[in-house]
Number of protein chains: 2
Amino acid sequence: MARTAEEVAAELRGRIQRAELRAGDRLPTMTGLVEEHGVSRQTVREALNLLKREGLVEYRGGRSGTTVRERPVTRLVRSRGMERDHLGYYSGANVQHWRLVPGTRTTVTTEPVPGDIADLLGIEAGTPVIARKRLNGDPENELHRQLTDSWLHPAAVEALPVLAGDSGLGGIYDRIEEWAEQPIVWEEGVTAVTPSPAEAGALLLPSGVPLLRVIRTSTVKIDGRPLVVEANDIRMSAELFSVRYPITRRGAARWPVQPASADFYTN
Amino acid sequence: MARTAEEVAAELRGRIQRAELRAGDRLPTMTGLVEEHGVSRQTVREALNLLKREGLVEYRGGRSGTTVRERPVTRLVRSRGMERDHLGYYSGANVQHWRLVPGTRTTVTTEPVPGDIADLLGIEAGTPVIARKRLNGDPENELHRQLTDSWLHPAAVEALPVLAGDSGLGGIYDRIEEWAEQPIVWEEGVTAVTPSPAEAGALLLPSGVPLLRVIRTSTVKIDGRPLVVEANDIRMSAELFSVRYPITRRGAARWPVQPASADFYTN
DNA sequence: CAGTGGTCTAGACCACAAC
DNA sequence: TTGTGGTCTAGACCACTGA
């Protein structure tokens, strides 16, 4: 006989993990659980809350009760690399050109730059900066659910006014390389955060699922000094996605070095 | 006058964000909040719960009440790359040889391999596999707080029995390269999960902070086929860490390609 | 419109750290 | 010893959905 919310949750978690309850199945009703475990309604509610935060169950309202949530079996692996897509634009490997993806909304604004992005750009936090924000919450295709904020360095926009326009994202890297007369050096930093309510809503995340945050910087040398031209802040469900990178090796190898696995750009 | 738990939480969140309450400061007591907002104790408790899950406040028990939590201002950036450390072993760039880090506990066991690791190794889930698990929860140094599980492919252990021993992790990559007569190809996949209670305890994580999960595979070609010799599952606080990678470029560049930024291995 | 879960109130007992 | 938050009970009202 379970007495605490955690015990009730553990019991239900077990039933789900042992597949006695499968995706889409209804859980016992709250009143049922109250009688079954001899605890109060609040306690049962707390237990269900834990499971909801873990993304194990969901409640869509109304009479159909709480059901076991459909969970992705494996994560979609995104291999991170840059190449030209089929339209000739630079883009992340294996990502379609976003302008063609249904449900994409892009807004271009000028707003104070948040602290972490400011650090990357090497400017002061709060400086007004051009931001190109893209939301993709396409309910039909979870591959397309991501948020992307692109922050441009003011010096780059000054030198290259075309960046300020909504000229399509793909082209900006070519414009930058032409301007700098050198290839861009890209780097990505990956971390995770708990989503804000707005992010959770836009990406259709259940509460409790962390948000994977990938920040890509594009750097060129101007007058001999590195300039971070753009910081690109990408957020996606950590439950849905994993991002993949080849590891670089420093120092001489004793054997001839092979390229990264052949399928790196193809899945 | 706030009426719901979310509203009470939002009001307190605001005070913290506006720095009216700073790290270490005591929040009003629950009874104080009950009177201040005209809500019940349960509602206040729910509000404090939200803030705790966000990692904004903490309660250490006893009479000192709920306090504003000290939050890391910026994340520690870990540049991911492989090099030989000062002892001559392969290791992640800028990571000391772990055997020298105080508080490290390593256990070597044989146990059923979990599904996601099995997929990477290309073997069946549940197969008994040698696992080398390292826990580092050093309370003194947050740089050292991480969990590492190393799973070895059975075929590799069979061909190279030395891998089964507790021979120190650093050396295994050299042994593998000598065996395969080729350099290892490393790749890392990054995602995030909500920590299990055990992980949260070991890493001193407050509830609600996601766990960054980095899985590195070491691959060599044996008889012309790629073999994933080891899968290395590293977990660390997403609030404390960010991992950094250079981005590879596919296709011809119009300008001479520079190496990744100079400090890539040095911070 | 019946039954679901969501949320709040009110009151009680407990463990714990600091005084 | 005292005051803190942690947790449970019991009862009430609400919004929503699907039969």
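Residues numbered from 1 in each chain as written. Chains lettered and ligands numbered in written order. Predicted model: local features only at pLDDT ≥ 70, side-chain atom pairs only at ≥ 80, totals over all residues. Heavy atoms only, no water.

In the nomenclature of an unreviewed UniProt entry, chain A is known as GntR family transcriptional regulator of Streptomyces jumonjinensis.

1. A few points about helix α1 (residues 5-17) of chain A
Residues and elements named next belong to chain A. Heads up, the rule is: Each helix is a run of DSSP H or I of at least 4 residues and each strand a run of E of at least 2, with the numbering of both proceeding from the N terminus. To estimate the expected span of a helix, subtract one from its residue number and multiply by 1.5 Å. The cut-offs for exposure are 20% and 50% of the maximum accessible area for each residue type, with area from a 1.4 Å probe on protein chains only; residues under the lower value are buried, those over the upper are exposed, and the others partly exposed. Any two residues whose heavy atoms approach within 4.5 Å are treated as being in contact.
With 13 residues, α1 should cover 18 Å at 1.5 Å per step; its first-to-last C-alpha distance of 18 Å lies within 8% of that length. Looking at α1, one finds that the buried residues are A5, V8, A9, L12, R13, G14, R15 and I16. The inward-facing, buried residues of α1 abut α2 (30-37), α3 (41-53), β1 (57-59) and β2 (66-68).

2. Describing the sheet that holds strand β6 (residues 104-112) of chain B
So the rule is basically this: In this analysis, strands are considered paired if DSSP registers two or more bridges between them. Axes here refer to lines fitted to C-alpha atoms; in helices the fit is confined to the stretch in contact. Angles between the N-to-C directions go from 0 to 180 degrees.
Read across the open sheet, the eight strands follow the order β3(A)-β12(A)-β9(B)-β10(B)-β11(B)-β8(B)-β7(B)-β6(B); overall the sheet is mixed. Unpaired on one side and paired on the other, β3 (76-79) of chain A together with β6 of chain B mark the two borders of the sheet. Along the sheet, successive strands turn relative to each other by an average axial angle of 20 degrees, direction set aside. One ladder, built from six bridges, connects strand β8 (residues 146-152) of chain B with strand β11 (residues 225-237) of chain B; its direction is antiparallel. Bridging across to β11 of chain B, S150 of chain B finds its partner in N232 of chain B.

3. Re the sheet that holds strand β3 (residues 76-79) of chain B
With respect to topology, eight strands assemble into an open sheet ordered β6(A)-β7(A)-β8(A)-β11(A)-β10(A)-β9(A)-β12(B)-β3(B), the strand pairing being mixed. The open sheet terminates on both sides in strands that have one partner only, identified here as β6 (104-112) of chain A together with β3 of chain B. Looking at each pair of strands side by side, their axes are set apart by 20 degrees on average, direction ignored. Pairing analysis gives four bridges linking strand β9 (residues 185-193) of chain A to strand β12 (residues 241-246) of chain B, with the strands arranged antiparallel. Along β12 of chain B, the bridge assignment pairs E188 of chain A with Y245 of chain B.

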